[in-house]
Amino acid sequence: MTTIALQQVLHEQRSALLTAWITQVAALGDQHSVHEHALDALLRSLFDDILGILERQPTANPSLEHEESLALALRQLVGEQARHGSSASTCVNVVLTLKHLMSAQVVTATDVTLEDMLWLEQVFEQLTLLTVTAFLAIRERQITQQSLSLLELSTPVLRLWHRILLLPLVGVIDTVRARQITESLLEAIARYEARVTILDLTGVPVLDTSVAQHLMKTIDAARLLGTRVVMTGISPEGAQTLTKLGIRFADVISRATLRAGIAEALLLVGQQISPLEGKR
Amino acid sequence: MAINAEADIQAACRAARQLAETLGFSRAAAYHIATAASELAANVLFHGGGGWLHAQALFDAQTQQALGLEVLALDHGPGIADIALALTEGYSTGKGLGCGLPGVKRLMDDFMIESAVGAGTCVKAIKWR
């Protein structure tokens, strides 16, 4: 095998390549200067790992999946970039920049063979794949985390008045959300010994049988804890659709608006909102 | 539009509503269409084990005016053995309320269902302008 020439070139140009790479990567995107040192260290360790692989005997199909330290460095690098909002192409460009620098050096060297070039090509193909995979994995995790936090944000159980809870539902209600809504509502009912719960549906885009079914289960469970449920905010179209679907909410007080719902809830606990003058 | 997860049902529902609104359906009619699409998509997912939902506008051949909106649900699930029974109010094989299919039939103007046991189910529902 004739990798000696490739090894030699890479060895001789080692520091020049590294410096050039770091400068070019810094110029690539709008890297924040604060993290320059961390980025430098990452690039250095990645550079060492990549050289380590390139200096090996060429194999037909280089697999980089078991290169723990390389994968780790790459993941860190991509993670750093993804945190600063870089796109996938920027991340891939970081790797490709090094490839361009290396090929430029290798091409000018005298006794480098085609096999050497092929090897360089193969290794960088794998590196690019790894980079994209790492980037996607990070994005995937971000999305999962965000949807989880959205889920928590979207089901606030509010204490409207003494023994009155308000549960404003906004957005699509799927199985996961329905379960969470039920859980947090039941917990709140038990904690505040609520007598009345107002379920506001103004923000629910479409009321179909599955949403209705979820709501019925929630209402049934709430009732077992001794609270009356007042539903509010069903749109005229929603009401029409529900009746056409043949869905009936038995024993549930329903009011068109949240305002009417609050008045009803207060009445149920023996309170009312009245003007100050009347009391004096 | 492929229906393979719960999120797809909501996406189908949104898409059907948007199409209905661009075709100039009234708010109530658009709501009906969206609900019907959501019901059919849910059926495709929960009973058919995944499939497709198509929503398309029906145009008059001469005037090019939108005449209606057609929702087509397709799956290759177990199929429905007794269609008349499936269309009966309150009957459900799954955990549902049993008013999905009869509900869609009432929400839409035209309703057709074809099913073969072991081959799948195809439901077509049309709402005219």
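Check the secondary structure of chain A and you find eleven helices and five strands. Its C-alpha radius of gyration of 32 Å places chain A more than 25% over the 19 Å reference for a compact globule of 280 residues. The principal-axis extent of the C-alpha atoms belonging to chain A is close to 100 × 45 × 30 Å. When each of the 280 residues of chain A is scored for burial, the buried share is 41%. The long-range share in chain A, meaning contacts at least 24 apart out of those at least 6 apart in sequence, stands at 76%. Taken as a whole, chain A presents about 15400 Å² of accessible surface, with 56% of it coming from carbon and sulfur. Side chains of chain A carry 23 positive and 29 negative charges; the gap between the two charge centres is 20 Å.

The next thing to look at is the overall build of chain B. Of regular secondary structure, chain B possesses four helices and five strands. Order of helices (α) and strands (β) in chain B, N terminus to C terminus: β-α-α-β-β-α-α-β-β. Against the globule reference of 14 Å for 129 residues, chain B gives a C-alpha radius of gyration of 14 Å, in line with a compact fold. Principal axes of the C-alpha set define a box for chain B whose edges measure 40 × 30 × 25 Å. When burial is assessed residue by residue, chain B has 45% of its 129 residues classed as buried. In chain B, the proportion of contacts linking residues at least 24 apart, taken out of those at least 6 apart, comes to 58%.

This part is about the nonpolar core. Membership of the largest hydrophobic core comes to 61 residues, with the highest contact counts inside it found for Leu169, Leu199, Leu201, Leu207 and Phe249 of chain A together with Leu53 of chain B. Of the residues forming this core, the biggest block, eleven residues, is contributed by helix H2 (residues 27-46) of chain B. Sequence-distant contacts of Leu169 of chain A, that is, excluding residues within four places in its chain, are made with Ile181, Leu199, Asp200, Leu201, Gly203, Val204 and Leu215 of chain A. If you look at the next biggest cluster of nonpolar residues, it comprises 34 residues, including Trp21, Ala73, Leu98 and Val112 of chain A.

Residue and element names in this part refer to chain B. Pairing within the open sheet is antiparallel, and its five strands lie in the order E1-E2-E3-E5-E4. Two strands bound the open sheet, and with one partner strand each, they are strand E1 (2-3) and strand E4 (110-116). Pairing geometry for strand E2 (residues 51-59) and strand E3 (residues 66-75), over nine bridges, is antiparallel. When the bridges of E3 are listed, Leu53 appears paired with Ala73. Against the sheet, H2 contacts E1, E2, E3 and strand E5 (120-128), and its axis sits at roughly 15° relative to E3.

Further remarks concern the packing of helix H7 (residues 175-192) of chain A against helix H8 (residues 209-224) of chain A. Residue and element names in this part refer to chain A. Between H7 and H8, the least distance of the axes is 10 Å, while the angle of their chain directions is 15°. If you check the angle between H7 and H8, you find them roughly parallel. Helix-helix and strand crossings are classified by hand; for H7 and H8 the assignment is right-handed. Of H8, the residues touching H7 (which contributes Thr175, Ala178, Thr182, Leu185, Leu186 and Ile189) are His214, Thr218, Ala221 and Ala222. For the contact of H7 with H8, the per-class residue count stands at six nonpolar, four polar and no charged.

Turning to the domain arrangement of chain A, a few remarks are in order. Split by domain assignment, chain A resolves into domain 1 (3-147) and domain 2 (158-270). Centre-to-centre separation of domain 1 of chain A and domain 2 of chain A, based on C-alpha positions: 55 Å.

Cut-offs and rules
- Residues numbered from 1 in each chain as written.
- Chains lettered and ligands numbered in written order.
- Predicted model: local features only at pLDDT ≥ 70, side-chain atom pairs only at ≥ 80, totals over all residues.
- Heavy atoms only, no water.
- Helix = DSSP H or I, 4+ residues; strand = E, 2+ residues; numbered from the N terminus.
- Rg over C-alpha atoms; globule rule 2.2 N^0.38 Å.
- Buried < 20%, exposed > 50% of the residue type's maximum accessible area, 1.4 Å probe, protein only.
- Contact = heavy atoms within 4.5 Å.
- Areas by Shrake-Rupley, 256 points an atom, 1.4 Å probe, with all protein chains shown as cover.
- Lys, Arg positive; Asp, Glu negative; His and termini not counted.
- Charge placed at Lys NZ, Arg CZ, Asp CG, Glu CD.
- Core = buried A, V, L, I, M, F, W, Y, C linked by side-chain atoms within 4.5 Å.
- Pairing = 2+ DSSP bridges.
- Axes fitted to C-alpha atoms, helices over the stretch in contact; angles between N-to-C directions.
- Parallel < 35°, antiparallel > 145°, perpendicular 65-115°, else oblique.
- Left-handed = near helix turned anticlockwise from the far one by under 90°.
- Nonpolar A, V, L, I, M, F, W, Y, C, P; charged D, E, K, R; others polar.
- Domains from an automatic or database assignment.

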